[in-house]
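# Report on the structure
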Amino acid sequence: MPTLPCAGSHGLRADQQPDWADPLQLQRATEELERRPALVRQEDVDTLRHQLAEAAAGRALLLQGGHCAETFGSLPEMERTVGTLEGMTEVLSRVAGLPVITVGRVAGQYAKPRSRPTEVRDGVSLPVYRGDAVNGAGFTARERSPDPERLLRAYDESAAALHRIGRGGEKAACYSSHEALLLDYENALMRTDPRTNRTMAGSAHMLWIGERTRHVDRAHVQLAQRVNNPFAVKVGPSATADDLLELIARINPEHAPGKLTLITRLGADRINEILPRLVEKVRLCGAPVLWVCDPMHGNTRVTGAVKTRLVSDVMAEIGSFIEIHQQLGTHPGGLHLEITGNAVTECVGGAAGVREENLSENYTSACDPRLNRDQALEVASAAADRWAL
Ligand code: PEP
Ligand code: MN
């Protein structure tokens, strides 16, 4: 299908963008991306949107999961992660008794929003690691320098991953998703079909904007508004119900089903205080919203030099999420998790008993701590039991 690349961000403020050193190199990379085919097909995006509309109506669940930050050259780990998602999907659909839509945080999750622009070690200050699509994790000036060539590598790696998970052509497997963070990349991969005038983000089936980039008057929300892909927004403890109503008015003014997912990440100790009033007010506005629980990002703890999360906190937030929605008569529509198919030791707890003192044994995440395969299956199984109640 002939599709046309789209114009940029219309001068709106864009948060969390890299300081690309060489504008000409950036231009060359984005022009190259504009010439390449979209990574996903409009018909798959439409099917996913239809399925998410079913979930918003209470007839299905969304299971979205994968790495906090994917790294280049990790296809075998990505495949194990997708295998774990399949196991979780099986247990959730069987026990909860609802169809499950499986969406990986895979095949494009290469860019990270950060709390600070620089990192200081032993008195040396360098740009922070922003994901493999931007710079390298190693603490050297060369690695940390944002390199536009990496945008092309992100495309190549995404294409290879989609091929492996069966979305490169034939039917199977899960959909792809990532945080729509890098506007240079996302804009270069947007495609408008001249026959229908519909614009699709060509980088993944589903995208989300994070807690740090959901300001309504800025470029990321405008991106969510422009494309017909299903789009999610992360909702942290500082969000007010009015913020959510404004986001709905911007991203889905016509209340189209399947367009908008709200992923709450409030923390096990705050969800009971915050979630009910958000849900009640959004329900009153009548927009079809899919509510999903991310029980990871509100429950991060720092022990020594590393970040971790407790499986017990993860389970507690999921339990409260399901209970609150059931009490209010809304649908607890699914889970958004950071997991890997590898036997890492990044989160504490679970039946295999990863303890704080084990964290250094196999901590390989490029960013946040993920549930390992056993912990992920255990969380899926406990959540399924709660849904079945
Ligand atoms: C993430 O999903 O890795 C992330 C940074 O989340 P949030 O925007 O919710 O903090
Ligand atoms: Mn994360």
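Quick caveat, the model's predicted, so the values are computed rather than measured. (Residues numbered from 1 in each chain as written. Chains lettered and ligands numbered in written order. Predicted model: local features only at pLDDT ≥ 70, side-chain atom pairs only at ≥ 80, totals over all residues.)

### Focus: the overall build of the protein chain
- Secondary structure assignment for the protein chain yields 11 helices and 15 strands.
- Here the C-alpha radius of gyration of the protein chain, 20 Å, is about what a compact globule of 389 residues would show, namely 21 Å.
- Overall size of the protein chain, expressed as C-alpha extent along the three principal axes, is 55 × 55 × 40 Å.
- When each of the 389 residues of the protein chain is scored for burial, the buried share is 48%. (Helix = DSSP H or I, 4+ residues; strand = E, 2+ residues; numbered from the N terminus. Rg over C-alpha atoms; globule rule 2.2 N^0.38 Å. Buried ≥ 20, exposed ≤ 12 C-beta atoms within 10 Å, placed from the backbone.)

### A closer look at the UniProt feature "binding site: phosphoenolpyruvate" (unreviewed entry) in the protein chain
- Mapped onto the present numbering, the UniProt feature "binding site: phosphoenolpyruvate" (unreviewed entry) falls at Arg-105, Glu-211, Arg-212, Lys-234 and Arg-265.
- Looking at Glu-211, the number of C-beta atoms within 10 Å reads 18, which means it is partly exposed.
- What Glu-211 contacts, discounting residues up to four positions off in sequence, is Lys-234, Gly-236 and Arg-265.
- Looking at the secondary structure, you find Lys-234 in strand β10 (residues 231-235).
- Judged by local crowding, Lys-234 falls into the buried class, with 23 C-beta atoms found within 10 Å.
- Once residues lying within four places of it in the same chain are set aside, the contact partners of Lys-234 are Trp-208, Gly-210, Glu-211, Arg-214, Ile-263, Arg-265 and Asp-294. (UniProt positions renumbered as here; feature names shortened; annotations may be inferred. Contact = placed C-beta atoms within 7 Å.)

### Looking at helix α5 (residues 149-164)
- Taking 1.5 Å of rise per residue, 16 residues should cover 22 Å, and α5 covers 23 Å from first to last C-alpha, within 8% of that figure.
- Taken as a whole, α5 has its buried residues at Arg-150, Leu-151, Ala-154, Tyr-155, Glu-157, Ser-158, Ala-161 and Leu-162.
- For α5, the secondary structure elements touched by its buried residues are α1 (23-35), α3 (75-96), β6 (175-179) and α6 (183-188). (Expected span 1.5 Å × (residues − 1).)

### Observations regarding the UniProt feature "binding site: Mn(2+)" (unreviewed entry) in the protein chain
- In this structure's numbering, the residues bearing the UniProt feature "binding site: Mn(2+)" (unreviewed entry) are Cys-68, His-297, Glu-338 and Asp-368. Despite a sequence span of 301 residues, these residues sit close together in the fold, their greatest C-alpha distance being 10.1 Å.
- Residue position: Cys-68 is located in the loop between β2 (61-66) and α3.
- The exposure class assigned to Cys-68 is buried, which follows from the 22 C-beta atoms found within 10 Å.
- Residue placement: Glu-338 occurs in strand β15 (residues 332-338).
- Glu-338 gets classed as buried once you count the C-beta atoms within 10 Å, which come to 26.
- In contact with Glu-338, other than residues within four places in its own chain, are His-67, Cys-68, Met-296, Asp-368, Arg-370 and Leu-371.

### Comments concerning the site of ligand 1
- With respect to spatial proximity, the complete set of residues near ligand 1 consists of Cys-68, Pro-113, Gly-210, Glu-211, Arg-212, Lys-234, Arg-265, His-297 and Asp-368.
- Looking at side-chain class alone, the shell around ligand 1 contains 2 nonpolar, 2 polar and 5 charged residues. (Near = placed C-beta within 6 Å. Nonpolar A, V, L, I, M, F, W, Y, C, P; charged D, E, K, R; others polar.)

### Side note on the pairing of strand β3 (residues 100-105)
- Most of β3 is tucked away, with 6 of its 6 residues classed as buried.
- Note: β2 against β3, 6 bridges, orientation parallel. Bridging from a neighbouring strand, Gly-65 pairs with Gly-104 of β3.
- The parallel pair β2 and β3 is bridged by α3, and the resulting crossover is right-handed. (Pairing = 2+ DSSP bridges. Right-handed = clockwise from strand over helix to strand, strands pointing away.)

### Overview of the nonpolar core
- Within the largest apolar cluster, 100 residues are counted, with the highest numbers of intra-cluster contacts made by Leu-61, Leu-62 and Leu-92.
- Counting residues per element, this core draws most heavily on α3, which supplies 6 residues.
- Setting aside residues no more than four positions away along its own chain, Leu-62 makes contact with Leu-52, Ala-55, Ile-101, Val-103, Thr-261, Leu-290, Val-292, Gly-333 and Gly-334. (Core = buried A, V, L, I, M, F, W, Y, C linked by C-beta atoms within 7 Å.)

### Looking at helix α7 (residues 219-226)
- With 6 of its 8 residues buried, α7 lies for the most part within the structure.
- For α7, the full list of buried residues reads Ala-219, His-220, Val-221, Leu-223, Ala-224 and Arg-226.
- Among the structural elements, α6, β8 (198-201), β9 (206-209), β10 and α8 (241-251) are those in contact with the buried residues of α7.

### With respect to the pairing of strand β5 (residues 124-127)
- Sheet analysis places strand β4 (residues 118-121) next to β5, joined by 4 bridges and oriented antiparallel. Its bridge partner lying in β5, Val-120 is registered against Ser-125.
- Between the antiparallel neighbours β4 and β5 lie 2 residues, among them Asp-122 with a positive phi of about 45°.

### Remarks on the packing of α1 against α5
- Running from N to C, α1 and α5 point in directions that differ by 25°, and their axes come no closer than 8 Å. In terms of orientation, α1 and α5 fall into the roughly parallel class. Taken together, the residues of α5 that come into contact with α1 (itself represented by Ala-29, Glu-32 and Leu-33) are Glu-149, Leu-151, Leu-152 and Tyr-155.
- When grouped by side-chain class, the residues that make up the contact of α1 with α5 number 5 nonpolar, no polar and 2 charged. (Axes fitted to C-alpha atoms, helices over the stretch in contact; angles between N-to-C directions. Parallel < 35°, antiparallel > 145°, perpendicular 65-115°, else oblique.)

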